[in-house]
Amino acid sequence: MPVVVVANPKGGAGKSTTALILAQTFAGMGASVTLIDADPNRPIVEWRSGQSAIMFDVIGDITESTVIRTIRDHRAQRQFVIVDLEGTASRLVSRAITQADLVLIPLQASGVDARQAGRAVQLIHEEEEALGDRTIPFRVLLTRTNPAITTRIEKEIVSALAGAGLPLLKTHLNERQAFKAMFVRKLAVSELDPTQVNGLPEAIRNAERLADEVVDVLSPQPAEGAVP
């Protein structure tokens, strides 16, 4: 079953938010999911200590010695394995990337984040070279964008990514109060109280669109010339 690795050498890019939103959305749709929290701060392990009824496994205490074995064990049992990595380039990060069916690279619409995303892409290519016979698919995901207005810098970064040939997800993970509230209240987005969280229906739709697009990227594409 597919392994989605969320990676960016820069902290604060939205990796844990992305991983948690995907896990809870897939699980809410009925899929079996394991989320491996390899961030030293263990934000998702902490979230799992709450009262959320959305069922998926969260695995912490991952090291560079155990990460590959843990991923392989769970991919044999679950429909999705999602790996939230630390915000640095490390051996643990490299080893996790080698197991990925898709690497998501979250970044905010800033020049600093875009440069760090370039480092993540370089790391992916280095692991491809080490593997020799395998391509590791990846997509850049813009995070914390304004859902109503596309800023000039956002347009510039999207244009620069396209010019560099870096594939970008169409769906952005918008700046939403609900995505912050889920960590504070230790609930899934769908479990939050709409009377206490502004824009909750829009946040749920945003999460669902992101999950749908990730599934589309992971789905095998028909061979060129094949009849659909």
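Residues numbered from 1 in each chain as written. Predicted model: local features only at pLDDT ≥ 70, side-chain atom pairs only at ≥ 80, totals over all residues. Heavy atoms only, no water.

The chain is annotated in an unreviewed UniProt entry as ATPase from Muricoccus nepalensis.

1. Concerning the sheet that holds strand E6 (residues 138-145)
Stated formally: Two strands pair if DSSP finds at least two bridges between them. Labels follow the DSSP assignment, with helices taken as runs of H or I lasting at least four residues and strands as runs of E lasting at least two, numbered in each case from the N terminus. By definition in these notes, contact holds between two residues if any of their heavy atoms fall within 4.5 Å. To define axes, lines are fitted to C-alpha atoms, for helices over the stretch in contact only, and angles between the resulting N-to-C directions are given on a 0 to 180 degree scale.
Strand order across the open sheet formed by 7 strands is E3-E2-E4-E1-E5-E6-E7, with parallel pairing between neighbours. The open sheet has two edge strands with one neighbour each: strand E3 (57-59) and strand E7 (173-174). Inspection of the sheet shows strand E1 (residues 3-6) paired to strand E5 (residues 102-108) by 3 bridges, in the parallel sense. Residue Val4 lies in a different strand from E5, and its bridge partner there is Leu102. Taken strand by strand, helix H1 (residues 15-28) contacts E1, strand E2 (33-37), strand E4 (80-84), E5, E6 and E7, and its axis lies near 165 degrees from that of E4.

2. A closer look at helix H3 (residues 67-75)
What counts here: Categorising residues by exposure relies on relative accessible area from a 1.4 Å probe, with only protein chains included: less than 20% of the type maximum marks a residue as buried, more than 50% marks it as exposed, and the intermediate range marks it as partly exposed. The reported arc concerns the directions from the helix axis to the C-beta atoms and nothing else.
Listed in full, the buried residues belonging to H3 are Val67, Ile68, Thr70, Ile71 and His74. Relative to the axis of H3, the buried residues are bounded by an arc of 165 degrees and lie together on one face. Those residues of H3 that are buried are in contact with E1, E2, E3, E4 and helix H4 (91-97).

3. Side note on the packing of aromatic side chains
Threshold: Stacked, tilted and edge-to-face are the three classes assigned to paired rings of Phe, Tyr and Trp, where Trp is represented by its six-membered ring and a pair needs centres within 6.5 Å; plane angles under 30 degrees give stacked, over 60 edge-to-face, the rest tilted.
In this structure the tally under the stated criterion is 2 aromatic pairs. Both rings, one in Phe26 and one in Phe80, keep their centres 4.0 Å apart while their planes meet at 10 degrees; by these two values the pair is stacked. Here the residue Phe26 occupies a position in helix H1, and Phe80 occupies one in strand E4, the gap between them amounting to 54 residues. Judged by relative accessible area, Phe80 falls into the buried class, the value being 12%.

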